[in-house]
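# Examination of the molecular architecture
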Amino acid sequence: VQLVESGGGLVQPGGSLRLSCAASAFTFSSYAMSWYRQAPGKERELVAAISSGGGSTNYGDSVKGRFTISRDNAKNTVYLQMNSLKPEDTAVYYCKARMNRYEYWGQGTQVSVSS
């Protein structure tokens, strides 16, 4: 099982980034997917989640209206479009796959928002 995040980097406040998480070696379309983030000295928090079929999404309060989660089951990939980025969005972003008691995490990608 492998989850590989990409798309992180340094961006100015107000800018945008799109993160991708490519999955392999499991039935991606059967798993709910989510993005979490962890800033230095803080607990890991849920950013966004999407159901296995993509019909249901939910977001953390701090990113509602700015971030959008989506998935392409044909490409085994989940995305996180991040707009209007703020310095407080700086963190390592992780994707997670979950189905019942099975749970897998990626290695994370750094997002830094600074002028």
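Preceding this section is the structure that the text describes.
Residues numbered from 1 in each chain as written. Predicted model: local features only at pLDDT ≥ 70, side-chain atom pairs only at ≥ 80, totals over all residues. Heavy atoms only, no water.

### Remarks on the sheet that holds strand S3 (residues 17–24)
Worth spelling out the cut-off: The pairing criterion is simple: DSSP has to find at least two bridges between the two strands. Only DSSP runs of H or I with at least four residues qualify as helices, and only runs of E with at least two residues qualify as strands; both kinds are numbered from the N terminus onward. Here the axes come from fitting lines to C-alpha atoms, over the contacting stretch only for helices, and the angles between their N-to-C directions go from 0 to 180 degrees.
Strand order in the open sheet formed by four strands is S1-S3-S8-S7, with antiparallel pairing between adjacent strands. If you trace the sheet from one side to the other, it starts and ends with strand S1 (2–6) and strand S7 (67–72), each paired once. Each strand axis lies, on average, 15° off the axis of its neighbour in the sheet, ignoring direction. Summarising the sheet, S3 and strand S8 (residues 77–82) pair through six bridges and their orientation is antiparallel. Counted as the bridge partner of Ser-20 is Tyr-79 from S8.

### Regarding unusual backbone geometry
Positive phi, normally seen in glycine, also occurs at Ala-25, with a value near 70°. Relative to the helices and strands, Ala-25 resides in the loop between S3 and strand S4 (32–38). Look at Asn-100: it is not a glycine, yet its phi comes out positive at around 55°. Of note, Asn-100 is situated in the loop between strand S9 (91–99) and strand S10 (102–105).

### Looking at the pattern of salt bridges
Under the convention used in this document: Basic side-chain nitrogens of Lys or Arg form a salt bridge, by our definition, when they fall within 4 Å of a carboxyl oxygen of Asp or Glu. Here's how the labels work: a residue is buried when its accessible area is under 20% of the maximum for its type, exposed when over 50%, partly exposed in between, all with a 1.4 Å probe on protein chains only.
For the coordinates displayed, the defined rule picks out five salt bridges. Between Arg-37 and Glu-45 there is a salt bridge whose closest N-O contact spans 2.6 Å. Given the relative accessible area of 5%, Arg-37 is considered buried. Where Glu-103 meets Lys-96, a salt bridge forms, and the shortest distance between an N and an O atom there is 3.5 Å. Classification of Lys-96 as buried rests on a relative accessible area of 9%. A cluster of three or more residues bridged by salt bridges with shared partners is formed by Arg-37, Glu-45, Arg-66 and Asp-89.

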